[in-house]
Structures are given as structure tokens and as C-alpha cells.
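Chain by chain, the residues:
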Amino acid sequence: MSFNTAITGLQAASTDLNVTGNNIANASTVGFKQSRAEFADVYANSMNGGSHDIGTGVRVSDVAQQFSQGSISFSQGEMDLAISGSGFFVLSDQGSQAFTRAGQFKVDKDNFIVT
């Protein structure tokens, strides 16, 4: 049983490293919000209904995005916008709604404002 417990720890640590790697890879992406791996204990099941069983490992319960305010920096784009506080820019992606915090907008050849 302890081998399985160790395996769950390695799997959870691997997921955490993937999340961290994704955060580092996208650190300079405009509007990127970092994620955080959240962990939960895996409890043992008891055939006889005992309540003194120890846990059988760990699992990743969620990879949650962190929506805290990032830094706002000035740019040269005449249509660039920033959001201070919570919220998103609402976009249309071929008729369906999309959301972003990246405010790098420009006008396309058809005079539509695009990202």
C-alpha cells in the first residue's frame, strides 16, 4: 500500500511541475493568468467500517487559474487597452463569445477591431 501512496505523490508532483512549466513558458504573454495546482488527500476505504485508516496518497483536485491583478505597462499600440481590477474583454469568435484580458487590439482590412 505504501508503494501506491508514493506513486500518487509522484503523479501529483509531476502535474504540479507541468503547471509551473506552463506558468513560466507564458510569463511574458500579454493577459496570461497563472495557474496553481491544488491537492487533496486520498482516504483509504475500510471494509469493516473502521475510522482509523490512514490516507492512501494525494491527488490533484484542481488546476485553478489565479485572477489577481497583474502589472499594467505602457505600450506603443494606439488601440491597446488594459483592465484594472476584475473583468474581461468580450469578443466574438465567429458568432460565439470569447473572453480575454489581453488588450492588444488593432483594425483589420475590413475595419473590424480584432485581437
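For the structure given in this document, a descriptive report is provided here. (Residues numbered from 1 in each chain as written. Predicted model: local features only at pLDDT ≥ 70, side-chain atom pairs only at ≥ 80, totals over all residues. Heavy atoms only, no water.)

## Structural notes on a nonpolar patch on the surface
Spelled out, the test is: Residues enter a patch when their relative accessible area is above 30% and they make no salt bridge; the linking distance is 9 Å between like charges and 5 Å between nonpolar side chains (Val, Leu, Ile, Met, Phe, Trp, Tyr). Computed with a 1.4 Å probe, the accessible areas rest on the Shrake-Rupley method; for each residue, only the protein chains presented here act as cover. Between Lys or Arg on one side and Asp or Glu on the other, a salt bridge is scored when a side-chain nitrogen of the former is within 4 Å of a carboxyl oxygen of the latter. Secondary structure elements are defined from DSSP: runs of H or I of at least 4 residues count as helices, runs of E of at least 2 residues count as strands, and each element is numbered from the N terminus.
Taken together, the side chains of F67, F88, V90 and F99 define a hydrophobic patch exposed on the protein surface, amounting to about 430 Å² of accessible area. On the secondary structure map, V90 appears in strand β3 (residues 89-93).

## What about the side chain of T100?
For the record, the criterion: In this scheme, a residue with accessible area under 20% of its type's maximum is buried, one over 50% is exposed, and one in between is partly exposed, where area comes from a 1.4 Å probe on protein chains only. As used in this structure description, the phrase polar contact means that two N or O atoms lie within 3.5 Å; if the pair is within protein, one of them must be able to donate a hydrogen and the other to accept it, and residues adjacent in sequence are counted only when both atoms belong to side chains. Throughout, a residue-residue contact means that at least one pair of heavy atoms, one from each residue, lies within 4.5 Å.
Turning to its location among the elements, T100 is positioned in strand β4 (residues 96-100). Classification of T100 as buried rests on a relative accessible area of 18%. A polar contact is formed between the side chain of T100 and the backbone nitrogen of A102, at a distance of 3.0 Å. Residues contacting T100, with those up to four places away along its chain left out, are I83, F88, F89 and L91.

## A few points about the side chain of T8
When you line up the elements, T8 lands in helix α1 (residues 2-25). Judged by its relative accessible area of 18%, T8 falls in the buried class. Among the polar contacts listed, one links the side chain of T8 to the backbone oxygen of T5, at a separation of 2.7 Å. Aside from chain neighbours lying at most four places away, what touches T8 is T56, G57 and V58.

## Things to note about the layout of surface pockets
Here is the rule we go by: Cavity means a closed set of points on a 1 Å grid over the protein atoms alone, one where a 1.4 Å probe fits but cannot get out, pocket means an open set with protein on both sides within 12 Å along at least 5 of 7 lines, and lining means a residue has an atom within 4 Å of a point. Grid points are joined across faces, edges and corners, and a volume is the space filled by probe spheres set on the points. Gly falls in the polar group here, along with every residue not listed as nonpolar (Ala, Val, Leu, Ile, Met, Phe, Trp, Tyr, Cys, Pro) or charged (Asp, Glu, Lys, Arg).
For the largest pocket, the calculated volume is near 590 Å³. Taken together, 22 residues form the lining of the largest pocket, with V30, S71, I72, S73 and A82 sitting closest to its centre. Tallied by class, residues from the lining of the largest pocket come to nine nonpolar, 10 polar and three charged. The volume enclosed by the second largest pocket comes to roughly 160 Å³.

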